[in-house]
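# Fold and geometry: a report
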Amino acid sequence: MITRRKLLAGIPAAGSVLLTACKDSLPPTFGSLFDASNTLTFASHRLLLRNQPLVREFTRDKITKNFPAINETNPKSDRYQQLLAGGFSEWRLPIAGLVSKPAELSLETLRSFPSRTQVTQHNCEQGWSAIAEWTGVPLGRVLQEVGMLPQARYVVFHTVDGWWDSLDMFDALHPQTLLAYGMNGGELPVAHGAPVRLRVERQLGYKHLKYVSRIDVTDRLDDVEDGTGAVGAAYGYSWYAGI
Ligand SMILES: Nc1nc2c(c(=O)[nH]1)N[C@H]1C(S)=C(S)[C@@H](COP(=O)(O)O)O[C@H]1N2
Ligand SMILES: [Mo]
């Protein structure tokens, strides 16, 4: 018979099995005792989601009328304002690092790739959620274009307003992970991250970087910025924000 005591004793055991299974994919700030609960969440999600299921998609009638726009809603930088005034025709997205063909992609080029449109629910860590339709190019398609090298493990994103964050390949290559340039059938509005934002549907709102300005492909995060993998880590936000 499984007693309560046995069950409780089983939790650390199950945890260590999960951790062993995921050891090679653990990000640098994970795996310590301090971060045990985040690490366990990460490890169990990876196990449960190993077949890369899609998150729920909705019909267009479920789209939220007034999708909140939060934090930065129009970056003040002169360069950004210039690009905006020019309809982003001069905008380029540099992609470099562990790729065989580093590139500076225009919006036109991104739009020329096969696109994906999905109506999904955005869940902000601050407690609100809203549904919108997003159109963009799957990040995996773009990585294929620049020739991602076999040793690549992470994709690092930088933004106009100084945010930065990263995904491992498991999330970067998920079919619903998009570089989105459209929202609700129109262009992506400035307030929501024009010209291009990240959609990473299996994670909380703060991972969906707006105003993406640069992408780097890498095999380690400890030498990127402060080594934590994301700007939010310094404020106590988990690098992995799976939902
Ligand atoms: N560059 C940038 N990206 C960002 C943010 C930001 O302040 N700057 N805020 C994040 C948070 S916490 C959320 S919930 C979503 C909000 O996206 P929205 O403004 O389109 O609703 O963007 C995320 N991406
Ligand atoms: Mo958020």
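Preceding this paragraph is the structure being described.
The notes below deal with the structure included here. (Residues numbered from 1 in each chain as written. Chains lettered and ligands numbered in written order. Predicted model: local features only at pLDDT ≥ 70, side-chain atom pairs only at ≥ 80, totals over all residues. Heavy atoms only, no water.)

Right, let's get into the overall build of the protein chain. Secondary structure summary: the protein chain contains six helices and 10 strands in total. For the protein chain, buried positions account for 46% of its 243 residues. In the protein chain, the proportion of contacts linking residues at least 24 apart, taken out of those at least 6 apart, comes to 69%. As displayed, the protein chain has an accessible area near 12,300 Å², and 54% of this comes from carbon and sulfur atoms. (Helix = DSSP H or I, 4+ residues; strand = E, 2+ residues; numbered from the N terminus. Buried < 20%, exposed > 50% of the residue type's maximum accessible area, 1.4 Å probe, protein only. Contact = heavy atoms within 4.5 Å. Areas by Shrake-Rupley, 256 points an atom, 1.4 Å probe, with all protein chains shown as cover.)

With that out of the way, let us pick up the site of ligand 1. Around ligand 1, the structure places 22 residues, and the nearest of them are P68, D161, H192, R197 and K210. A distance of 2.6 Å is found between an oxygen atom of ligand 1 and a backbone nitrogen or oxygen belonging to P68. Within the side chain of K210, one N or O atom sits 2.5 Å away from an oxygen atom of ligand 1. Considering ligand 1 on its own, with 530 Å² of exposed area, one finds that the protein chains cover 99% of that surface. For the shell around ligand 1, the class distribution of residues is 11 nonpolar, six polar and five charged. (Near = heavy atom within 4 Å. Polar contact = N/O pair within 3.5 Å; in protein donor to acceptor, adjacent residues only side chain to side chain. Nonpolar A, V, L, I, M, F, W, Y, C, P; charged D, E, K, R; others polar.)

Okay, the nonpolar core next. Nonpolar side chains tend toward joint burial in soluble globular proteins. Counting residues in hydrophobic clusters, the biggest one holds 35 residues, and the most contacted among them are L110, L139, F157, L179 and I215. Residues L221, V224, A230 and V231 belong to the second largest nonpolar core, which totals 11 residues. (Core = buried A, V, L, I, M, F, W, Y, C linked by side-chain atoms within 4.5 Å.)

Taken together, the five strands give an open sheet; going across it, the order is β2-β1-β10-β5-β6, and neighbouring strands pair in mixed fashion. Unpaired on one side and paired on the other, β2 (103-106) and β6 (164-168) mark the two borders of the sheet. Across this sheet, the average inter-strand angle for adjacent strands is 20°, counted without regard to direction. (Pairing = 2+ DSSP bridges. Axes fitted to C-alpha atoms, helices over the stretch in contact; angles between N-to-C directions.)

Along the chain, K207 turns up in the loop between β9 (197-199) and β10 (212-218). In this structure K207 comes out as buried when scored by relative accessible area, which is 1%. Apart from the residues within four sequence positions on either side, K207 is in contact with D165, S166, L167, L198, V200, W239 and A241.

Sheet topology note: the strand β1 (residues 92-97)/β2 ladder contains four bridges and is antiparallel. Considered in β2, the bridge of I95 is made with A103. Where β1 folds back on β2, the antiparallel hairpin that results is connected by five residues.

This brings us to the packing of aromatic side chains. Evaluation of the coordinates by the stated rule reveals eight aromatic pairs. A ring pair is formed by F42 and Y240, whose centres lie 5.1 Å apart and whose planes are at 85°; its orientation type is edge-to-face. One end of the pair, F42, is in helix α2 (residues 36-48); the other, Y240, is in the segment after β10, and 198 residues separate them in sequence. Assessed through its relative accessible area of 6%, Y240 is described here as buried. Taking 6.3 Å as the distance between ring centres and 85° as the angle between the ring planes, the aromatic pair formed by Y154 and W239 counts as edge-to-face. Separated by 85 residues along the polypeptide, Y154 in strand β5 (residues 154-159) and W239 in the segment after β10 bring together distant segments of the chain. (Phe/Tyr/Trp six-rings, centres within 6.5 Å; stacked < 30°, edge-to-face > 60°.)

Moving on, we get to unusual backbone geometry. Look at the link from A194 to P195: it is a cis peptide, with omega at 0°. Of note, P195 is situated in the loop between β8 (186-187) and β9. You will see that F88, though not glycine, has its phi angle at about 65°, which is positive. Relative to the helices and strands, F88 resides in the loop between α3 (78-85) and β1. Under the relative-accessibility criterion, F88 is labelled buried at 8%. Notably, E225 is not glycine yet its phi reads approximately 45°, a positive angle. Looking at where E225 falls in the secondary structure, it is placed in the segment after β10. When its relative accessible area of 52% is taken as the criterion, E225 is described as exposed.

Let's shift gears to the layout of surface pockets. In this structure, the largest pocket encloses a volume near 430 Å³. Residue lining of the largest pocket: 28 residues in total, with I70, N71, W163, G205 and Y206 positioned closest to the centre. Among the residues making up the lining of the largest pocket, the classes are represented as 14 nonpolar, eight polar and six charged. Space inside the second largest pocket adds up to approximately 170 Å³. Contributing to the lining of the second largest pocket are S77, R79, Y80, L83, E90, W91, R92, V160, V212 and S213. If you list the elements that add at least two residues to the lining of the second largest pocket, you get α3 and β10. Of all the elements, α3 adds the most residues to the lining of the second largest pocket, at three residues. Partitioning the lining of the second largest pocket into residue classes produces five nonpolar, two polar and three charged. (1 Å grid on protein atoms, 1.4 Å probe; cavity = no way out; pocket = protein on both sides within 12 Å on 5 of 7 lines; lining within 4 Å. Points joined across faces, edges and corners; volume = space filled by probe spheres on them.)

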